[in-house]
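If you want the building blocks of each chain, they are given just below.
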Amino acid sequence: MRFSAEQRLDDGVLEREFTLGEIPGILWTPASASGPAPLILLGHPGGLRKMYPRLVARARHTAAEGYAAATLELPGSGDRPRSAAAEQARADLRRALRTGEPVEEIVDRLVLPLVEQAVPEWRAALDALLALPEIGGPVGLAGGVIAIGVRLAVVEPRIAAALLFAGSFVPRSMFEEARQVTVPLLVLLQWDDEGNDRQLALDLFDAFGSKEKTLHANTGGHTGVPRFEGDDGNRFFARHLK
């Protein structure tokens, strides 16, 4: 991990850009902490620069509660090399959603390769972040492509709790993995999300094997998550990371 730039935000949060190999990322640490801060990994749908306003708002909100936060660019997004296969799958998915065609095979082509590449990258980032003296465990996962979150929650034992956004398609083949998830879960679902399969999201929640799992469903579209869900998310992480 190599830090390339830093700035102190007006609330005292330290923001540092880094690269992990060739992969860009951002780390935010609280203004004051008595010891190593618990870490929350901030997922997103790709495109760090485009997503930055929402990511920094989430990071500052969690830093106010004493958490460090970090994010990593997804494969094929931002300045990372594009995948012709992924671009074709995205175009096919948009067309299928417009015309009402089946999407299961397209979702497999788009999401499964992304999960296979992204999850090892996030685990490598976690190795590097937890080696920093200002960062400590336990670790939470918040948001992003839900299929990546499912895989991370299964294979990464350092993740103690996960807040997942039911706003992206999940291959049916990953439902068996969902049954292996045991960490506490808080799942957010936008009831009127035009780009998401509501029934699939409900079926996925039902499949999760966690003994503690909570579903918050709110009316509104994909980007209409109520602001109070941020406070509820902090309370959820306070129960499991502190």
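Look up a bit, the structure's there.
Residues numbered from 1 in each chain as written. Predicted model: local features only at pLDDT ≥ 70, side-chain atom pairs only at ≥ 80, totals over all residues. Heavy atoms only, no water.

K.L.:
So, the nonpolar core: which residues are in play, and what are the values?
P.N.:
If you look at the biggest cluster of nonpolar residues, it comprises 60 residues, and the most contacted ones within it are Leu39, Leu41, Ile148, Leu164, Leu185 and Phe208. Top element by residues in this core is helix α3 (residues 104-130). It accounts for 13 residues. Those residues in contact with leucine 185, other than ones at most four positions away along the chain, are Ala162, Leu164, Phe208, Ser210, Glu212, Lys213, Thr214 and Phe236. Among the nonpolar cores identified, the runner-up in size contains 22 residues, and Leu42, Met51, Tyr67 and Ala161 belong to it. (Core = buried A, V, L, I, M, F, W, Y, C linked by side-chain atoms within 4.5 Å. Buried < 20%, exposed > 50% of the residue type's maximum accessible area, 1.4 Å probe, protein only. Helix = DSSP H or I, 4+ residues; strand = E, 2+ residues; numbered from the N terminus. Contact = heavy atoms within 4.5 Å.)

K.L.:
Account for the packing of α3 against helix α4 (residues 146-155), with residues named and values stated.
P.N.:
Relative to each other, α3 and α4 sit at 50°, their axes nearing to 9 Å. Classified by the angle between their axes, α3 and α4 sit oblique to one another. Viewed along their axes, α3 and α4 form a crossing whose handedness is right-handed. Touching Val111, Leu114, Val115, Glu116, Ala118, Val119, Trp122 and Arg123 of α3 are Ala147, Ile148, Arg151, Leu152 and Val155, all from α4. (Axes fitted to C-alpha atoms, helices over the stretch in contact; angles between N-to-C directions. Parallel < 35°, antiparallel > 145°, perpendicular 65-115°, else oblique. Left-handed = near helix turned anticlockwise from the far one by under 90°.)

K.L.:
I'd like a description of the side chain of threonine 62, backed by residues and values.
P.N.:
By secondary structure assignment, the location of threonine 62 is in helix α1 (residues 48-63). Assessed through its relative accessible area of 8%, threonine 62 is described here as buried. One polar contact links the side chain of threonine 62 to the main-chain carbonyl oxygen of alanine 59, over a distance of 2.9 Å. The contact partners of threonine 62, leaving out residues within four places of it in the chain, are Ile40, Tyr67, Ala69 and Asn234. (Polar contact = N/O pair within 3.5 Å; in protein donor to acceptor, adjacent residues only side chain to side chain.)

K.L.:
I'd like a rundown of the pairing of strand β2 (residues 14-20), residues and numbers included.
P.N.:
Within a regular strand, side chains alternate between the sheet's two faces. With six of its seven residues buried, β2 lies for the most part within the structure. Where strand β1 (residues 2-8) meets β2, six bridges bridge the pair, whose relative direction is antiparallel. In the strand pairing of β2, phenylalanine 3 is matched with phenylalanine 18. Remark: five residues form the turn of the hairpin made by β1 and β2, two consecutive strands paired antiparallel; glycine 12 in that turn has positive phi of roughly 90°. Taken together, the seven bridges between β2 and strand β3 (residues 23-29) define a ladder with antiparallel strand orientation. By the bridge assignment, leucine 14 is partnered in β3 with threonine 29. With antiparallel pairing between neighbouring strands as the criterion, β2 and β3 make up a hairpin whose turn holds two residues, including glycine 21 at a positive phi of roughly 70°. (Pairing = 2+ DSSP bridges.)

K.L.:
Describe in detail the packing of helix α2 (residues 84-99) against α3, supporting the description with residues and values.
P.N.:
Running from amino to carboxyl end, α2 crosses α3 at an angle of 150°, the nearest separation of the two axes being 9 Å. Relative to α3, α2 is oriented so that their crossing is left-handed. Taking contact as the criterion, the partners of Ala86, Ala89, Arg90, Asp92, Leu93 and Ala96 in α2 are, on α3, Ile106, Val107, Arg109 and Leu110. Counted by class, the contact of α2 with α3 contains seven nonpolar, no polar and three charged residues. (Nonpolar A, V, L, I, M, F, W, Y, C, P; charged D, E, K, R; others polar.)

Interpretation in functional terms is not warranted from these geometric data alone.
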